[in-house]
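Below, each chain spelled out in residue letters.
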Amino acid sequence: MTTTKSVDARRGHRDLAVLTAGLAVSIAGDAAAFIALLLRLQPHGSGWVAALLAAELAPFVVLAPVVGRVVDRFETRAVLIVALLGQAVVAVPLALLDGPLPTVLLFAALASLSAFVRPSTNALVPAITGPDGQQRGFARLGLGFGLGWIVGPGVGGLLTGWFGVRTAVLADAATFAVLAGACALLTVRRRPDPSAVGRDRSGGLRLLLGDRVLSVAILGAAVCTGAAIVDNVAAPFRFIDQLGASDSQYGLYLTLWGVGSLAGAQVLPLLRFSHRTGLAVACLTTGAGIAGIGVAPTLLLAYAAAVVGGVGNGMLNVAQSALVTARTAPERHGRVFATVGAVVQTAIGGGTAAAAPLVAWLGGGGAMLTAGVTSMAAAVTVLLLTSRA
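Residues numbered from 1 in each chain as written. Predicted model: local features only at pLDDT ≥ 70, side-chain atom pairs only at ≥ 80, totals over all residues. Heavy atoms only, no water.

This part is about the nonpolar core. With 85 residues, the main nonpolar core has F107, C183 and L279 as its most contacted residues. Ranked by the residues each element gives to this core, the list is headed by helix α5 (residues 100-129), at 11 residues. Apart from the residues within four sequence positions on either side, C183 is in contact with L19, R77, L80, I81 and L84. By size, the runner-up hydrophobic cluster in this structure holds 25 residues, among which are A228, A235, A302 and A355. (Core = buried A, V, L, I, M, F, W, Y, C linked by side-chain atoms within 4.5 Å. Buried < 20%, exposed > 50% of the residue type's maximum accessible area, 1.4 Å probe, protein only. Helix = DSSP H or I, 4+ residues; strand = E, 2+ residues; numbered from the N terminus. Contact = heavy atoms within 4.5 Å.)

Shown next, in the form of structure tokens:
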């Protein structure tokens, strides 16, 4: 005899698989389009490239209050579908208009719609998995994101080289439609109570700061994210200039980090850490990997450290999302996830700004060692400051 619980579990597994597959395709398309747009703007100078990077980050910070309230007020699957179809529409003129100013403005519009996707997806996961399966759900999403970001840049380079920027960006438009179709197949719904949002006027930042464990942990995760961005900037100088790696050997480092990230996202639920401890361990592991690359005497040891750093990076994404859902009420998930996204994007901007002077001052290895130690210090701080909460 089939029970209602077993039917719901099968539906949850199916919905999670559909959402993960759609995300993997869409993220790959995003990464491919981003590489293509960077190549489009590169001949126009570094200022336009920097403007594109700013257009990717700023909407997540500026729109966080609006995004959070929309996700907590309206049915979440509908928000996802509208945002994704909007991205598909915006991507078409982005592909066809070649000038630097239209490219940056349309990309900012694309990023503004993208700001709705991640909080909506994260808020939908607990509705699909139930309270006991949240870590597993976020680990599955991590698999989709990781696969997308591993495959996407290579595909973007190939599409741009063979067919041009327009084809790569139009392919991204198609992936938005694919993910929208995947969302339309979901059977689980998250229907917030609009009156609850009306009664609870707290913004995401206030909700985040009101929980000591959550606020300290997210700050630690932000420090770790900023350190990982320093790693991204310093790595070419470390691998190519100091360790003598070729271009293909540097590319292998990126692949190993991505593979480690996939493994870390899947292994965290098996370790059965508390969410707070899992996040601290993730920051510690990421920092150890980055520092290890900075001090590794050989290329082989640097590769091993890259796998360790990637494992921590994958664990961090899952632990952060699971901690948010565990410590906030379901009707507040949209606001808190949007605010966490804004904090993370701010950390990415800070890490990017700090990376160049660190590399100039300390060299590639010194900058990575500093970033790794900073991440590990953040992990210890999270454990100490939240141990009594």
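Alright, that's what it looks like, and here's the rest.
This part is about α5. In this model α5 runs 43 Å from its N-terminal to its C-terminal C-alpha over 30 residues, within 8% of the 44 Å that 1.5 Å per residue would give. Immediately downstream of α5, the backbone of G130 shows phi near 80°, a positive value. (Expected span 1.5 Å × (residues − 1).)

A word on a nonpolar patch on the surface. On the surface, V92, L96, L97 and L170 cluster together into a nonpolar patch covering about 310 Å² of accessible area. Within the secondary structure, V92 sits in helix α4 (residues 76-96). (Patch = residues over 30% accessible without salt bridge, like charges linked within 9 Å, V, L, I, M, F, W, Y side chains within 5 Å. Areas by Shrake-Rupley, 256 points an atom, 1.4 Å probe, with all protein chains shown as cover. Salt bridge = Lys/Arg side-chain N within 4 Å of Asp/Glu carboxyl O.)

Let us look at the environment of T298. Following the sequence through the fold, T298 ends up in the loop between α12 (275-295) and α13 (299-327). Take T298: its relative accessible area is 36%, and that puts it in the partly exposed class. Separated by 59 residues in the primary sequence, T298 and F239 place their C-alpha atoms 9.7 Å from one another. A polar contact of 3.3 Å, which involves the side chain of T298, links it to the backbone nitrogen of L301. (Polar contact = N/O pair within 3.5 Å; in protein donor to acceptor, adjacent residues only side chain to side chain.)

Turning to its location among the elements, V311 is positioned in helix α13. Since its relative accessible area comes to 22%, V311 is described here as partly exposed. On a C-alpha basis, the gap between V311 and L256 in space is 9.8 Å, while along the polypeptide they are 55 residues apart. The contacts of V311, once residues within four sequence positions are left out, are G260, S261 and G264.

A few words now on the side chain of S120. With respect to the secondary-structure elements, S120 resides in helix α5. Of the residues examined, S120 reaches a relative accessible area of 0% and is grouped as buried.

This part is about the packing of helix α2 (residues 46-62) against α5. In contact at an axis separation of 7 Å, α2 and α5 are set at 20° when each is read in the N-to-C sense. With respect to their mutual orientation, α2 and α5 come out roughly parallel. Every pair of crossing elements has a handedness; the one defined by α2 and α5 is right-handed. Contacts between α2 and α5 involve W48, A51, L52, A55, E56, P59 and F60 from the former and P100, L101, T103, V104, F107, A108, A111, S112, S114 and A115 from the latter. When its residues are assigned to classes, the contact of α2 with α5 shows 13 nonpolar, three polar and one charged. (Axes fitted to C-alpha atoms, helices over the stretch in contact; angles between N-to-C directions. Parallel < 35°, antiparallel > 145°, perpendicular 65-115°, else oblique. Left-handed = near helix turned anticlockwise from the far one by under 90°. Nonpolar A, V, L, I, M, F, W, Y, C, P; charged D, E, K, R; others polar.)

Let us look at the environment of G142. Summarising the element assignment, G142 is placed in helix α6 (residues 134-163). Owing to a relative accessible area of 19%, G142 belongs among the buried residues under this scheme. As a C-alpha pair, G142 and L96 span 46 residues in sequence and 32 Å in three-dimensional space. Aside from chain neighbours lying at most four places away, what touches G142 is L262, A265 and Q266.

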